[in-house]
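What follows is each chain in one-letter form.
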Amino acid sequence: MDKISVLVLAFTSIVIVNNLVLTKFLGICPYLGVSGRIDMAFGMGMAVTFVITLAGCLTWLIDHLILVPYGLEITRYVCYILVIAGAVQLVEMYLRKFFPPLYESFGIFLPLITTNCAILGLCLFLNVWNVDNFPLAAVLSFGAGIGFTLAICIMAGIREQLNFSDVPAALRGAPITLITAGIMTMAFMGFAGMIK
Amino acid sequence: MAANSMTAKQAVVGGLWTEVPVLRLVLGMCPTLAVTASVKPALTMGLSVLFVLFCSNIVVSLMRNLLKPHLRILMFTLTIATFVTIADLFLKAFMPEMSEVLGPYVGLIIVNCIIIARAEACASKNGIFISAVDAISMGVGFTIVLCLLASVRELISAGTIFGVQIMWKSFVPWVAMSLPVGAFITLGLMLGLVNLLTGKKS
């Protein structure tokens, strides 16, 4: 029971309180780039969730079963980036075979998931937070993906509305998106008191 | 910048003004937002990026004729990861407290879009000299933008720049500027200002 409550707390914490996009500034590029339409944002969120869960679990296992016991921490970055690139290739092949229309609509953004900082960032944060059991690592990785999806979908919803509002010319595009993100972050800061 | 060759002058002007990373290309946002709460980490981050960009651009330029198209992104990221490891270990050895402040964001230089974009757009098409010049001008442009943003945020959130008191005594610091909120809003307004100055319509 105790273990389950820890996992539930960890999940809530990474989705809402420590949302990677809004409090750790990870994955900002797709957050600004793909958040134009809500359906694409959701698809992107799902793809990222899959890759981040796979990458988070695999890198945690590699870290604790291979790198740390054999004292190879120095190759950590190189190993991580290889795992992530492999996972993205897998998603790409899967989508091309089973969901060709979705694959077409992603275009260049799909391989760019490799360079999505949220994914590498989460793998590195698992280290910083000293996550020491596998279920926790898995829940945190999955939660991080859900948090990303949540943030990017809310943003896409706001931006669909923004298209109809009268934004000063100089602020159109990226600037107003950043300012909106700032205000959203402020709203999410309200959750910070929920969990230590 | 899709042209197959460019001159050194183009590279310098591009990096420092017409294509300043962050502001014009809107690339490399994550470290920009994360490390600019005060000037010192911003400067360290800028210089680390400059180092990694310089080394990886040269290596990519050297091996550009050997690259297979479908493997090139992997080769780029592996090259970059190697140099980031060097930078990370250097910071850990000589500036441990700074390495503590930057935390995982040093490792995240690997996925900094600026570096991959330069490897793709410049180094994989040009010779060593041009690639080196391009890397230096892009890196310096990035560092300047980072420091500017950090100065604004540090000045408002603590009244200091580089830890030196600048604002008058009765100044009430606005702490929100050092939090994520301040990062997003300052950068948004800065981008707006640049658009206003250059008259760009987007």
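By convention here, each chain's residues receive numbers from 1 onward along its written sequence. Key to labels: chains lettered from A, ligands numbered from 1, both in the order written. Given that this is a predicted model, residues contribute local features only at a pLDDT of at least 70 and side-chain atom pairs are listed and counted only at 80 or more, while totals for whole chains, interfaces and linings are drawn from all residues. To obtain the side-chain values, all non-hydrogen atoms of the structure were used and water was disregarded.

Peer 1: Whenever I open this one, the overall build of chain B confuses me. Can you help?
Peer 2: Counting its regular elements, chain B contains nine helices and two strands. By definition, any uninterrupted DSSP run of H or I lasting at least four residues is a helix, any uninterrupted run of E lasting at least two residues is a strand, and each is numbered from the N terminus. For chain B, the α and β elements follow one another from N to C terminus as α-α-α-α-α-α-α-α-β-β-α. A compact globule built from 202 residues should have a C-alpha radius of gyration of about 17 Å, and chain B, at 18 Å, falls within 12% of that. C-alpha extents for chain B along the principal axes are approximately 60 × 45 × 25 Å. Partly exposed residues are those whose accessible area sits between 20% and 50% of the maximum for their type, while under 20% is buried and over 50% is exposed, using a 1.4 Å probe and protein chains only. Counting every position in chain B, which comprises 202 residues, the buried fraction comes to 53%. Only heavy atoms matter for contacts: two residues are in contact if any of them lie within 4.5 Å across the pair. Restricting the contact set of chain B to residue pairs at least 6 apart, pairs at least 24 apart contribute 75%. Using a 1.4 Å probe, accessible areas were evaluated by the Shrake-Rupley method; residue-level cover was limited to the displayed protein chains. Accessible surface, chain B as shown: approximately 9,000 Å² in total, 73% of it carbon and sulfur. Positive and negative side-chain charges of chain B, numbering 13 and 7 respectively, have mean locations separated by a distance of 10 Å. Radius of gyration: C-alpha atoms only; globule rule: 2.2 Å multiplied by the number of residues to the exponent 0.38. Counting rule for charge: Lys and Arg are taken as positive, Asp and Glu as negative, and neither His nor the chain ends is counted. The atoms used to mark charge sites are NZ of Lys, CZ of Arg, CG of Asp and CD of Glu.

Peer 1: Looking at this structure, I do not really get the side chain of B:Ser61. What am I missing?
Peer 2: Residue and element names in this part refer to chain B. Mapped onto the elements of the fold, Ser61 is located in helix α4 (residues 39–62). N or O atoms within 3.5 Å of each other form a polar contact, as long as, within protein, one can give a hydrogen and the other can take it, and as long as residues adjacent in sequence are counted only when both atoms are side-chain atoms. Of the polar contacts made by the side chain of Ser61, one reaches the backbone oxygen of Gly127; its length is 3.4 Å. Once residues within four sequence positions are removed from consideration, Ser61 is found in contact with Ala123, Asn126, Gly127, Ile128 and Ser131.

Peer 1: Please clarify how the interface of chain A and chain B should be interpreted in this entry.
Peer 2: In many analyses, interface size is given as the accessible surface area lost on bringing the parts together. Facing the 38 residues of chain A at the interface are 37 residues of chain B. Taken together, the two surfaces of chain A and chain B that pack against each other cover about 3,200 Å², and 84% of this comes from carbon and sulfur. Accessible surface is computed with a 1.4 Å probe, and the buried area is the amount of it that two parts give up when combined, taken over both parts together. Among the residues chain A hides against chain B, the three largest losses belong to A:Phe25, A:Tyr77 and A:Leu178. Together they make up 23% of the total. In the sections that follow, a salt bridge refers to a side-chain nitrogen of Lys or Arg positioned within 4 Å of a carboxyl oxygen of Asp or Glu. Where chain A packs against chain B, one counts zero salt bridges. Run the count over chain A and chain B and you get two residue pairs in polar contact (both at pLDDT 80 or more). Of all the secondary structure elements, the ones that give two or more residues to the side of chain A that touches chain B are α2 (20–24), α3 (28–33), α5 (76–98), α7 (117–128) and α9 (174–189) of chain A. Looking at the side of chain A that touches chain B element by element, the count peaks at nine residues for α9(A). Residues are grouped as follows: nonpolar covers Ala, Val, Leu, Ile, Met, Phe, Trp, Tyr, Cys and Pro; charged covers Asp, Glu, Lys and Arg; every other residue, Gly included, is treated as polar. Of the residues assigned to the side of chain A that touches chain B, the class counts are 28 nonpolar, eight polar and two charged.

Peer 1: Help me understand a nonpolar patch on the surface, please; the structure alone is not making it clear to me.
Peer 2: Residue and element names in this part refer to chain B. Patch membership is restricted to residues that have no salt bridge and whose relative accessible area is over 30%. Joining uses 9 Å for like charges and 5 Å for the nonpolar side chains Val, Leu, Ile, Met, Phe, Trp and Tyr. Nonpolar side chains collect at one region of the surface, where Val12, Val13, Leu16, Trp17, Phe54, Ile136, Val140, Ile144 and Leu148 lie side by side and expose about 740 Å² of accessible area between them. Broken down by secondary-structure element, the contributors of at least two residues to the nonpolar patch are α1 (8–18) and α8 (128–158). When you line up the elements, Val12 lands in helix α1.

Peer 1: Looking at this structure, I do not really get unusual backbone geometry. What am I missing?
Peer 2: Generally, phi is negative for residues other than glycine and the peptide bonds are trans, each holding for most cases. Residue and element names in this part refer to chain A. Even without glycine at this site, Phe25 takes up a positive phi of about 55 degrees. Assignment of secondary structure puts Phe25 in the loop between α2 and α3. The exposure class assigned to Phe25 is buried, which follows from its relative accessible area of 6%. Of note in this structure, Asn130 is not a glycine but carries a positive phi near 55 degrees. Looking at Asn130, the relative accessible area reads 61%, which means it is exposed.

Peer 1: What is the right way to read the packing of aromatic side chains from this model?
Peer 2: Describing an aromatic ring pair means giving the distance of the ring centres and the angle of the ring planes. Aromatic rings from Phe, Tyr and Trp, with only the six-membered ring used for Trp, were paired whenever their centres fell within 6.5 Å, and each pair was classed as stacked if the ring planes differed by under 30 degrees, edge-to-face if by over 60, and tilted otherwise. All told, the structure shown has nine aromatic pairs over all chains when counted by the stated rule. Pairing A:Trp60 with A:Phe134 gives two aromatic rings, centres 5.7 Å apart and planes at 55 degrees, and the pair type is tilted. Residue A:Trp60 is located in helix α4 (residues 38–67), and its partner A:Phe134 is located in helix α8 (residues 134–162); the two are separated by 74 residues in the primary sequence. Look at A:Trp60 and you get buried, because its relative accessible area is 11%. Here A:Phe134 falls in the partly exposed class, since its relative accessible area comes to 32%. Look at B:Phe90 and B:Phe94: their rings are 4.9 Å apart centre to centre, the planes differ by 45 degrees, and that puts the pair in the tilted class. Taken as a pair, B:Phe90 and B:Phe94 lie in helix α5 (residues 72–94) at a separation of four residues, close to a single helical turn. For B:Phe94, a relative accessible area of 61% translates into the label exposed. Three or more aromatic residues joined by ring pairs make a cluster, and in this case those are A:Tyr94, A:Phe98 and A:Phe99.

As far as function goes, none of this settles anything; it's purely spatial.
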